[in-house]
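Take a look at the letters that make up each chain.
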Amino acid sequence: MHVIEALAVQMRVAFMRAILRRPALGDLQRMVQLARADFAALGPPAGGAGVPVGYSFTPAEARAVQARLLRHTLRNAVQNVPYYRELLRPDAHRGVSLASFAGFPVTTKDDIRRHGDRFLNRRCTDVALYIETSGTTGSRLGMYLSTYELEAWAAGVALAGATAGNLTPADVQQVNLAAESRGDWYVAERAAGLAGTTAIMQGTVPPRDALVSLAAERSLPWRRSKVSTVTAETTYLVELVRVGREQGMTAADFALRRVTGGGDVAASHYVRAIEGFFGAPYADAYGASEIVPVMALRCRNGFYHFDETVGLIELIDAVTRKPLTMNGARGCLVVTPFFPWRHCFPLIRYWTGDMAERADCRCGATQNGGVFRILGRERYNIFQSGRLFTQWDCLETLGGVPGASLPLRYWVEPTDAAGATPLGDRPLKVHIQAVPSSDLVAVAAASRAALESAGLSVAEVVAHMHPHFHHFPLRWERRLPAHELGPADTVPAALTEGR
Ligand SMILES: [Zn+2]
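Residues numbered from 1 in each chain as written. Predicted model: local features only at pLDDT ≥ 70, side-chain atom pairs only at ≥ 80, totals over all residues.

A. Representation of the overall build of the protein chain in the model. Counting its secondary structure elements, the protein chain contains 13 helices and 18 strands. Residue burial in the protein chain is summarised as follows: out of 499 residues, 43% are buried. Restricting the contact set of the protein chain to residue pairs at least 6 apart, pairs at least 24 apart contribute 67%. (Helix = DSSP H or I, 4+ residues; strand = E, 2+ residues; numbered from the N terminus. Buried ≥ 20, exposed ≤ 12 C-beta atoms within 10 Å, placed from the backbone. Contact = placed C-beta atoms within 7 Å.)

B. A look at the nonpolar core. Counting residues in each nonpolar core, the largest one holds 126 residues, and the members touching the most others are Val32, Ala154, Ala158, Ala191, Ile274, Leu398 and Ile432. Here the element with the most residues in this core is helix H7 (residues 147–164); it accounts for 12 residues. If we skip the residues at most four places from it in the chain, Ala154 touches Val187, Arg190, Ala191 and Leu194. (Core = buried A, V, L, I, M, F, W, Y, C linked by C-beta atoms within 7 Å.)

C. Looking closely at the pairing of strand S18 (residues 458–464). Relative to S18, strand S17 (residues 428–433) is paired through 6 bridges, and the arrangement is parallel. The residue of S18 that forms the bridge with Ile432 is Ala463. (Pairing = 2+ DSSP bridges.)

D. Fine view of H7. Helix length check: H7, at 18 residues, gives a terminal C-alpha distance of 26 Å against a target of 26 Å (1.5 Å per residue), a fit within 8%. Of all 18 residues making up H7, 17 are buried, and the element is well covered by its neighbours. Trailing H7 by a residue or two, Gly165 shows a phi angle of about 80°, which is positive. (Expected span 1.5 Å × (residues − 1).)

E. Fine view of the packing of helix H9 (residues 207–215) against helix H10 (residues 234–246). At a minimum axis separation of 9 Å, H9 and H10 run at an interaxial angle of 80°. Comparing the axis directions of H9 and H10 gives the class roughly perpendicular. Across the interface between the two elements, Pro207, Arg208, Ala210 and Leu211 of H9 pack against Glu239, Leu240, Val243 and Gly244 of H10. Each residue belonging to the contact of H9 with H10 can be placed in one class, and the counts come to 5 nonpolar, 1 polar and 2 charged. (Axes fitted to C-alpha atoms, helices over the stretch in contact; angles between N-to-C directions. Parallel < 35°, antiparallel > 145°, perpendicular 65-115°, else oblique. Nonpolar A, V, L, I, M, F, W, Y, C, P; charged D, E, K, R; others polar.)

F. How the structure looks around helix H11 (residues 268–278). Buried within H11 are the following residues: Tyr270, Val271, Ala273, Ile274, Phe277 and Phe278. Down the axis of H11, the sector holding all buried residues measures 165°, keeping them to one side. The elements touched by buried residues of H11 are H10, strand S6 (258–262) and strand S7 (282–287). After H11 finishes, the residue Gly279 shows a positive phi value of roughly 65°. (Arc of directions from axis to C-beta.)

G. Just the sheet that holds S18, in detail. Pairing is mixed in the open sheet, where 3 strands are placed in the order S16-S17-S18. Looking at which strands have only one partner, the edges of the open sheet turn out to be strand S16 (410–412) and S18. Neighbour to neighbour, the strand axes of the sheet diverge by 15° on average, direction disregarded.

H. How the structure looks around the environment of Pro281. With respect to the helices, strands and loops of the structure, Pro281 is situated in the loop between H11 and S7. Note on Pro281: 16 C-beta atoms within 10 Å, which makes it partly exposed. Along the primary structure Pro281 and Val259 are separated by 22 residues, whereas in three dimensions their C-alpha atoms are 6.3 Å apart. Non-local contacts of Pro281, meaning those with residues more than four positions away in its chain, are made with Arg258 and Glu275.

I. Representation of the sheet that holds S6 within the structure. Pairing within the open sheet is mixed, and its 11 strands lie in the order S4-S3-S5-S6-S7-S8-S9-S13-S12-S11-S10. Lying at the two open borders of the sheet, with one neighbouring strand each, are strand S4 (198–201) and strand S10 (311–316). In this sheet, adjacent strand axes meet at a mean angle of 35° when their direction is disregarded. Note that strand S5 (residues 229–231) and S6 share 3 bridges and pair parallel. Bridge pairing in S6 places Thr231 opposite Thr260.

J. Structural context of the packing of H10 against H11. Where H10 meets H11, the axes come as close as 9 Å, and the angle between the chain directions of the two elements is 50°. Relative to H11, the element H10 is oriented oblique. Regarding H10 and H11, the two cross each other, and that crossing is left-handed. Counted together, Thr234, Leu237, Val238, Val241, Gly244 and Arg245 of H10 and Tyr270, Ala273, Ile274 and Phe277 of H11 form the full contact between these two elements. Class assignment for the residues of the contact of H10 with H11 results in 7 nonpolar, 2 polar and 1 charged. (Left-handed = near helix turned anticlockwise from the far one by under 90°.)

Have a look at this one:
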């Protein structure tokens, strides 16, 4: 009986998507309820790779769907969004193709800071949540999400988790995301509620407290006594590994089935450390409030698969600003979330500031479109002798250095007072934090050798026992009391980033 109803609800959702209308929230939430009913009747699903929600197009079909959604998105923007009405022609949507769209202006974080509410869709009547992130210059970036966007996002997370067996009534989910990440926080809590999962909304607490909670025996239904899934920023999870090892904890202290990270570069040694320590598979997604509902899931090969029928993903050269279409090309991700799934605060060609490499992955993930490796923040790029070294390159190179801290804290000496990352051919001065009681000279020498073998010209490497004031910031650090960060260190606000 449930199967028939599930099919009917799915068909209704698919039909609404096919005619470019928004599926009813009730239908999305009903799909989660049906998955829960299956759980109650049949027990936990087999789980594993995750069941894709949606359907697959051929590449040609996907492009046709995208072109149609793009015209829809542009028409809404020029008709209803003051910022784009002024910036673009009133008929900008007419005859636009994926190729001609590449000539449209990009929208930057500074544009949003300067024009704020002028990005609001004047016809959106269900504005629900205002989100602020602190920017790299300290000035705030604010945007809005509608009730529909938030609830559809939460229902999507709940449905994906429920059908894959990762978010079920038998699960206890501990969330150590920052409460300041309002969209993520709301969605994590709401998705757990929809899926019937017990949520422990702990936030960014000192790592010892998070570990105690993960290892605690609890009296809960379904006989699972400990937390079964934890969600946090990736480097916070790595910090849990470090502190947990220090305290002599092992995987046997936990009953985790899944560890979910995000918000940071998932360097390969981070993933190995997390999976090794917690004894559970690591999952990761790429996304941001600014590009909701566009997101990508990390596959077992470490690549991120996007569904390009909810938004257009472009890879743009950071210097020439030309589109990059070849596999292996590296540039900045530029995202246009499609109307009507995104309607409250539309952004056209949003410059994410995240670097990515176009990839070809045959893992079998059935997503429509772009596959990328995520390479970190654009502002951490290093150009030397015409070559580009990204945050990911540095993490991969320094991550294998014996005695380097975990999570990795490093800093590349700026070449000028403004603190710009080094450009041109100058050899670099690199700082790296070492683990306590390590041989600082040996760590510095090994770091230098690793950087040089990666092709960088290095003038000097200095190893520090404590985190350096200027190390590349780990976003959760500023939310902990100073004494949790070890001696001598607080992180200046100007050096912490927001998204
Ligand atoms: Zn893959």
